[in-house]
Amino acid sequence: ALKDNDGELLRHAMAYFHDLPGVMDLLSASSLLGAPGRRKAAELLRTAVLDQARHFVPAENLEQLAAVALGHQGSGFIAIADVMKENCQSLEAAEHYVQQLLQEMKTLSDKGVSNTCIALKPSGLAPHLDPIDHDGVMMRLAMEHYRVVLRKAQELGVQVEMDMENGTHQALYRKIFM
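Criteria and thresholds
Residues numbered from 1 in each chain as written. Predicted model: local features only at pLDDT ≥ 70, side-chain atom pairs only at ≥ 80, totals over all residues. Heavy atoms only, no water. Helix = DSSP H or I, 4+ residues; strand = E, 2+ residues; numbered from the N terminus. Contact = heavy atoms within 4.5 Å. Areas by Shrake-Rupley, 256 points an atom, 1.4 Å probe, with all protein chains shown as cover. Core = buried A, V, L, I, M, F, W, Y, C linked by side-chain atoms within 4.5 Å. Buried < 20%, exposed > 50% of the residue type's maximum accessible area, 1.4 Å probe, protein only. Arc of directions from axis to C-beta. Salt bridge = Lys/Arg side-chain N within 4 Å of Asp/Glu carboxyl O. Pairing = 2+ DSSP bridges. Axes fitted to C-alpha atoms, helices over the stretch in contact; angles between N-to-C directions. Parallel < 35°, antiparallel > 145°, perpendicular 65-115°, else oblique. Left-handed = near helix turned anticlockwise from the far one by under 90°.

Is there a simple way to explain the overall build of the protein in this structure?
Counting its secondary structure elements, the protein contains seven helices and three strands. Restricting to contacts in the protein with at least 6 residues of sequence separation, those with at least 24 account for 67%. Of the roughly 10600 Å² of accessible surface on the protein, a fraction of 58% belongs to carbon and sulfur atoms.

Written out as structure tokens, the structure is:
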């Protein structure tokens, strides 16, 4: 459906990349060029997304991920463990998420997988992580959890990527973590 609607694809991209000035400039400029500009920008965006999608090999558990990663070790391929835990709603959920990340890193390291990266979701590190946290309690908790994960990653030689899928709080995440 998106292939038939260049404008909708570009609106979605603009919502996702709303706080990245260079990308926004490109997307805005394509709109100014009318239908041919939108068509070309959408074509380039689709090509980039499809190119990235070719690099994804889904795995349902760490055993599958380790097997795939070990099969590609030394080839420049990086396996990304992406635990789907966003927007935790309690302190217990945040603690569970952090423990799950630590266990994943240890398991992959124990299996000898050196080409892995853990996708860390900022919204999983503390409940209700929001700009209205005026006293900063949840932001400090998120930062402490982040440090725990980074220390373990450094110890095990595992990479960590900040996976900011929710575009609405990207500026807040940058403020806290970068």
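Help me out: how do you make sense of the nonpolar core in this one?
Membership of the largest hydrophobic core comes to 31 residues, with the highest contact counts inside it found for Leu120, Leu125, Leu129 and Phe177. Listing elements by their share of this core, those giving two or more residues are α4 (62–72), β1 (79–82), α5 (91–110), β2 (116–120), α6 (137–156) and α7 (170–177). Not counting the four nearest positions on each side in its chain, leucine 120 is found in contact with Tyr97, Leu101, Leu125, Tyr146, Val149, Val160, Glu161, Met162 and Asp163. Counting six residues, the second largest nonpolar core, distinct from the first, contains Leu9, Leu10, Ala13 and Ala42.

What is the right way to look at α7 in this model?
Turn by turn, an α-helix covers 3.6 residues, leaving residues three or four places apart pointing in a common direction. Buried within α7 are the following residues: Gln170, Leu172, Tyr173, Ile176 and Phe177. The arc that holds the buried residues of α7, viewed along the axis, is 155 degrees, so those residues lie on one side. Opposite its buried face, α7 presents the exposed residues Ala171 and Lys175, each directed more than 90 degrees away. Where the residues of α7 are buried, they touch α1 (6–16), α6 and β3 (159–162).

What should I look at first to understand the pattern of salt bridges in this one?
Pairing is possible between side chains that carry opposite charge, provided their charged atoms lie close to one another. The full count for this structure, using the stated rule, is six salt bridges. Taking the shortest distance from any N to any O, the salt bridge between lysine 121 and aspartate 163 comes out at 3.0 Å. Highlighted residues: lysine 121 in the loop between β2 and α6 and aspartate 163 in the loop between β3 and α7, separated in sequence by 42 residues. Judged by relative accessible area, lysine 121 falls into the buried class, the value being 0%. Residue classification places aspartate 163 among the buried residues on the basis of a relative accessible area of 11%.

Any chance you could explain α1 here in plain terms?
Those residues of α1 not exposed but buried are Asp6, Gly7, Leu9, Leu10 and Ala13. Seen end-on, α1 carries its buried residues on one side only, within an arc spanning 160 degrees. When the buried face of α1 is taken as reference, the exposed residues oriented beyond 90 degrees from it are His12 and Ala15.

Whenever I open this one, the sheet that holds β2 confuses me. Can you help?
Paired through backbone hydrogen bonds, the strands of a sheet run either parallel or antiparallel to each other. The parallel open sheet is built from three strands, whose spatial order is β1-β2-β3. Since the sheet does not close on itself, it has two edges, and those belong to β1 and β3, each with one partner. Geometrically, the sheet is characterised by an average inter-axis angle of 30 degrees between neighbouring strands, direction not taken into account. By the bridge criterion, four bridges tie β2 to β3 in an arrangement that is parallel.

Can you walk me through the packing of α4 against α5 in this structure?
Axes are the key here: two packed helices are described by the angle between their axes and the distance separating the axes. Two elements in contact, α4 and α5, have axes whose closest approach is 10 Å; the angle formed by their N-to-C orientations is 45 degrees. Judged by the inter-axis angle, α4 sits oblique to α5. For the pair α4 and α5, the sense of crossing is right-handed. Contacts from Leu62, Leu65 and Ala66 in α4 reach Glu104, Thr107 and Leu108 in α5.

Would you take a moment to explain the pairing of β2 for this structure?
Each regular strand displays side chains that alternate between the two surfaces of the sheet. Of all five residues that make up β2, five are buried, and the element is covered over most of its length. Neither face of β2 is left uncovered, since the one carrying Thr116, Ile118 and Leu120 and the one carrying Cys117 and Ala119 both have all their residues buried. The sheet contact formed by β1 and β2 spans four bridges and is parallel. What sits directly across from isoleucine 80, in β2, is cysteine 117.

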